[in-house]
Each structure stands twice: as C-alpha cells, then as structure tokens.
Amino acid sequence: MVAAAPAYQTTVADLAIDAERIVALWRTGLRQNAMPEGKLDWYYRNNPEGAPLVIFLRQADTGETVGVASIGPRKIRFGARTLLAGALVDFVTQPEHRTFFPAMFLQREMRRRALDAYAIVFGFPNKNSLPIVRRVGYRCVGQMVRRTRVLRSSTYLAKYLPGWVSRLAGAAIDGCRWTALSLRGLVNTGYQSQWQPRPDAAFDGLWQRAAAPGVVMGVRDAAFLKWRFVDVQSKSFRFFTLTSSADGKLAAYAVCAAAGTALQVQDFLVDPAQPSAGARLWRDLALEAIRMGHASLSVELLGSNEQQVQLGAAGFLVREGRPVYASIAPGSGETAEWPTDASTWYMTEADDDW
C-alpha cells in the first residue's frame, strides 16, 4: 500500500504576532543575505506600498506550520495607469515537506489570493520552482538577461594564458579600450556625470518622461528608489547620474553596488527623448568603474530587443538569463490590453525583492 500524502491547509499570517515564526521558517532554507530580521523590517514592516501578504502552510492533522510564502506589493505603470502588482517572494517549506504536492498547494493558494488583490502577479522562480509555477497557472513573459562588460582583460586572460603573458596582453588591450572610451566622449558631448548617494526630485522628472506607453514598468520615482536602495540594509548602493548640459535635467541614471571585482548595475533608466544619453551613460560608467579598480561591469534587464541591442553595442556580452513569470487577474477588465511578449516589459534587479 502507498501512504496518502498528508493534507495541508493555509492561513494568513499576522506580522505583529508571527514575526518570529516567519524568520524561523526562512532560516530553514532562505539565505536572506544573512539578515532575515533586516529583511522583515525593510520589506515587510516599512514597505511604502503596504505590508506583503504572508501565507503559512500548515499540516492539517497537527496544525504545525511547515512553510511560508509572501506576495509583496509593487506599483507598476502600464500606459497612463498606475496599478498595484504583487511580487512573489520568500517561498520556503521545511526540508521534510519539500516535495511537489505541498509546494504546489501553497503556490496555488498564493496565486488565488493574490489575483483577488492585484491586477498582476509576477516573480523570478528558480529552477526548482519552475515546474510548480507553471503548473499553477503562471506563464513566462521573458528572460532577465545578464550581460557583462569586461574592463580588465588580464583577469580573464589569466584563465587561458601564463601570468606574465596575460598581464602584458591585458595591459595592451585595456590601454586601447581606455583610449577608445575617452575618444567617444569627445564625440558624444553635452552631458555631465557624477555620483550621488540618494535620489532627488530630478529622478521624479526623469521617471515621468521615461514611463513608456504600452510598456509594463515598475514605478521608479524618487520615493521608490530611496526605499529600494537607500533604506535597505543588505548592500551599499550609489547613484551614477548623467545630466544634460543644455537644460540641467537628469538624462539617465544607474544604481550600482560593488560585488567583489565587479561593479553591478542594479537599476538604470534613460530618457527616451535623448537617444545619445544611453551610450554616454555606459561610456562614463565604464571609465569610472575602471578608475575604481573594477574588473567588470554587469547589468540585468528584461526589455525590448532595441534595448538589448543598445547594451550589446555598449560592449555588454550575454552571460545568462533567468525567466520572469506572471499571471494576470481574470475579469479585471484589463486582461485583453496586457502585453504578451518580452519586448513590452521593462524589469531590472530593482523589481526583485532583495
């Protein structure tokens, strides 16, 4: 005889009462950058869009809490409308319950509840979660493509050449690259770049100009960027800004964080009315990263083919991708209008939760 799978049920958690239980479950399988209490304070208690919906998975016969998953609120822009979306975050079950049935049961219940509250629900499932999110009704809307631009060739040549050869060859290649980058700045003039520690009112103006019609974009105003990158405790971020010399307006920005020898771009936005601003942003940022001693510059983007081509032209090579899955609320009156391919979505790591 085959034993029947244990029955499960779900309940809504109360942050005021269940905080310790949530953190304890996270510790069984989520790293949380080794700061679970910090994640709870920042993302759950101080989220500007409101507290996430947290669901416990319980074993029906014993009442034991064996899993937890959350949906975090995220404002998105689609056309002229600003809507509230839900982001799939912090899904974990205890080791002895990490089988297909309990995980699917929890995710199905999360999706059902989330689509009652949000116009759209999206997430970045890992390879272990992919079969589950597909099964419960999410569909892939595109790939978040990670691209890298090599800045110090010797670091990479050392994998294939003797040390002294890689150093000499790398110095020659990097010297040519530095000269080329410097010369491009003489052609593409009209901008000034600098670092700043936090967003200001100029970021609101750029967001209003850059919110493209017909594209699903998470809101990127100054308030969101401050919460996402200044208030968070897991990393230290800086804002690299590009300002137009003609009118003093913010033309582009890139939010950056150091990770070992790499400088990672967590989010970026370019004014579509200034087509040369993107090329200048990546040129100036590459030069700055070299001055800071970084070996590479990386960025992740789910965006249009045109945006991917622009990154390729700026020297960013494709490394890997990770899928983005979404589900649209039925009967919302907006389903027929939603875009159905990756070219009409814009997402960066700013749209992930940590």
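Refer to the structure presented above.
Rules used in this analysis
All residue numbers refer to positions counted from 1 along the written sequence of the respective chain. Totals for whole chains, interfaces and linings use all residues, but because this is a predicted model, local features are given only for residues with pLDDT of at least 70 and pairs of side-chain atoms are given and counted only at 80 or more. With hydrogens and water excluded, all non-hydrogen atoms of the structure serve as input to the side-chain values. For the purposes of this entry, the term helix denotes a DSSP run of H or I that reaches at least four residues, the term strand denotes a run of E that reaches at least two, and both are numbered from the N terminus. Contact between two residues is taken to exist if any of their heavy atoms lie within 4.5 Å; hydrogens are not considered. Per-residue and other accessible areas follow the Shrake-Rupley method at a 1.4 Å probe size, with only the shown protein chains counted as cover for residues. By convention a nonpolar core is built from buried Ala, Val, Leu, Ile, Met, Phe, Trp, Tyr and Cys residues, the set being connected through side-chain atoms within 4.5 Å. Accessible area is worked out with a 1.4 Å probe on protein chains only. A residue is then buried under 20% of its type maximum, exposed over 50%, and partly exposed in between. Here, any two strands with at least 2 DSSP bridges between them count as paired. The rule is simple: put a 1 Å grid over the protein atoms alone, call a set of points where a 1.4 Å probe fits but cannot get out a cavity, call an open set with protein on both sides within 12 Å along at least five of seven lines a pocket, and count a residue as lining if it has an atom within 4 Å of a point. Grid points are joined across faces, edges and corners, and a volume is the space filled by probe spheres set on the points. Think of it as three bins: nonpolar holds Ala, Val, Leu, Ile, Met, Phe, Trp, Tyr, Cys and Pro, charged holds Asp, Glu, Lys and Arg, and polar takes everything else, Gly as well. One fewer than the residue count of a helix, multiplied by 1.5 Å, yields its expected span. Pairing of N or O atoms within 3.5 Å defines a polar contact, subject to two protein rules: one partner must be a possible hydrogen donor and the other a possible acceptor, and residues neighboring in sequence count only if both atoms are side-chain atoms.

> Help me get a handle on the overall build of the chain, residues and values and all.
A count of helices and strands for the chain gives ten helices and 14 strands. Here the contacts in the chain between residues at least 6 apart in sequence split such that 73% fall between residues at least 24 apart. As presented, the chain carries roughly 16300 Å² of accessible surface, and 54% of it is formed by carbon and sulfur atoms.

> Could you give an account of the nonpolar core, with specific residues and numbers?
Grouped together as the largest cluster of nonpolar side chains are 82 residues, with contacts concentrated most on Val265, Trp282 and Leu285. Broken down by element, the residue count for this core peaks at eight residues, all from strand E10 (residues 250–259). In contact with Val265, other than residues within four places in its own chain, are Ala254, Val255, Cys256, Trp282, Leu285, Leu297, Ser298, Val299, Glu300 and Glu349. The next biggest cluster of nonpolar side chains, apart from the first, holds 22 residues, and it includes Ala103, Leu106, Val121 and Leu130.

> Now, about the environment of Ala24: what can you tell me, with residues and values included?
Mapped onto the elements of the fold, Ala24 is located in helix H1 (residues 15–27). Looking at Ala24, the relative accessible area reads 42%, which means it is partly exposed. A sequence separation of twelve residues divides Ala24 from Pro36, and the C-alpha atoms of the two residues are 9.0 Å apart.

> Let's hear about the pairing of strand E3 (residues 65–78): which residues, and what values?
Most of E3 sits out of view: 13 of its 14 residues are buried. Two successive antiparallel strands, strand E2 (residues 53–59) and E3, enclose a turn made up of five residues, where Gly63 displays a positive phi of approximately 80°. Relative to strand E4 (residues 81–93), E3 runs antiparallel, the two being bridged by eleven bridges. Of the residues in E4, the one forming a bridge with Ile76 is Leu83. Linking E3 back to E4 in an antiparallel pair, the connection comprises two residues, with Gly79 at a positive phi of about 65°. Of the pairings in the sheet, the one linking E3 to strand E8 (residues 216–218) comprises two bridges and is antiparallel in character. In the strand pairing of E8, Ile76 is matched with Gly218.

> So what's going on with the environment of Ala119? Residues and values would help.
Structurally, Ala119 is set in the loop between helix H3 (100–117) and strand E5 (120–123). As a C-alpha pair, Ala119 and Ser327 span 208 residues in sequence and 8.7 Å in three-dimensional space.

> Got a sec to walk through empty space enclosed by the protein? Specific residues and values, please.
Applying the stated criterion to the full structure yields two cavities of 30 Å³ or more. Considering only enclosed or pocket space, the largest cavity measures out at about 110 Å³ in volume. Lining the largest cavity are 15 residues, with Tyr43, Pro73, Arg74, Phe224 and Trp227 positioned closest to its centre. Those elements giving two or more residues to the lining of the largest cavity turn out to be E3 and helix H8 (222–230). In the lining of the largest cavity, the residues fall into seven nonpolar, one polar and seven charged. Size it by volume and the second largest cavity reaches roughly 30 Å³. In terms of lining residues, the second largest cavity is bounded by Ala87, Leu88, Val89, Phe122, Gly123, Phe124, Asp351, Asp352 and Asp353. In terms of residues, the lining of the second largest cavity owes the most to one element, E4, which gives three residues. Residue composition of the lining of the second largest cavity, grouped by class: five nonpolar, one polar and three charged.

> Tell me about the layout of surface pockets, and name the residues and values.
In this structure, the largest pocket encloses a volume near 1400 Å³. At the level of elements, E3, E4, H3, helix H4 (130–135) and strand E13 (317–328) are the ones that each hand at least two residues to the lining of the largest pocket. Looking at the lining of the largest pocket element by element, the count peaks at six residues for E4. Here the residues of the lining of the largest pocket sort into 15 nonpolar, 13 polar and 13 charged. By volume, the second largest pocket is sized at about 600 Å³. In this structure, the second largest pocket is lined by 24 residues; those nearest its centre are Val270, Pro272, Glu306, Gln307 and Gln310. Contributing elements (two or more residues each) for the lining of the second largest pocket: strand E11 (262–270), helix H9 (276–291), helix H10 (305–313) and strand E14 (345–346). Residue contributions to the lining of the second largest pocket peak at five residues, all from H10.

> How would you explain H3 if you had to name every residue and give the values?
Here H3 is 18 residues long and its end C-alpha atoms lie 26 Å apart, about the 26 Å a rise of 1.5 Å per residue gives. Restricting attention to buried positions, one finds in H3 the residues Pro102, Ala103, Met104, Leu106, Gln107, Glu109, Met110, Ala114 and Leu115.

> For the side chain of Asp284, give the residues involved together with the corresponding values.
Relative to the assigned elements, Asp284 resides in helix H9. On the basis of relative accessibility, which here comes to 5%, the residue Asp284 falls in the buried class. Side-chain polar atoms of Asp284 contact the side chain of Arg280, separated by 2.8 Å. Other than its neighbours up to four places away in sequence, Asp284 contacts Ser193, Phe240 and Leu242.

The values reported here are purely geometric and, on their own, carry no functional implication.
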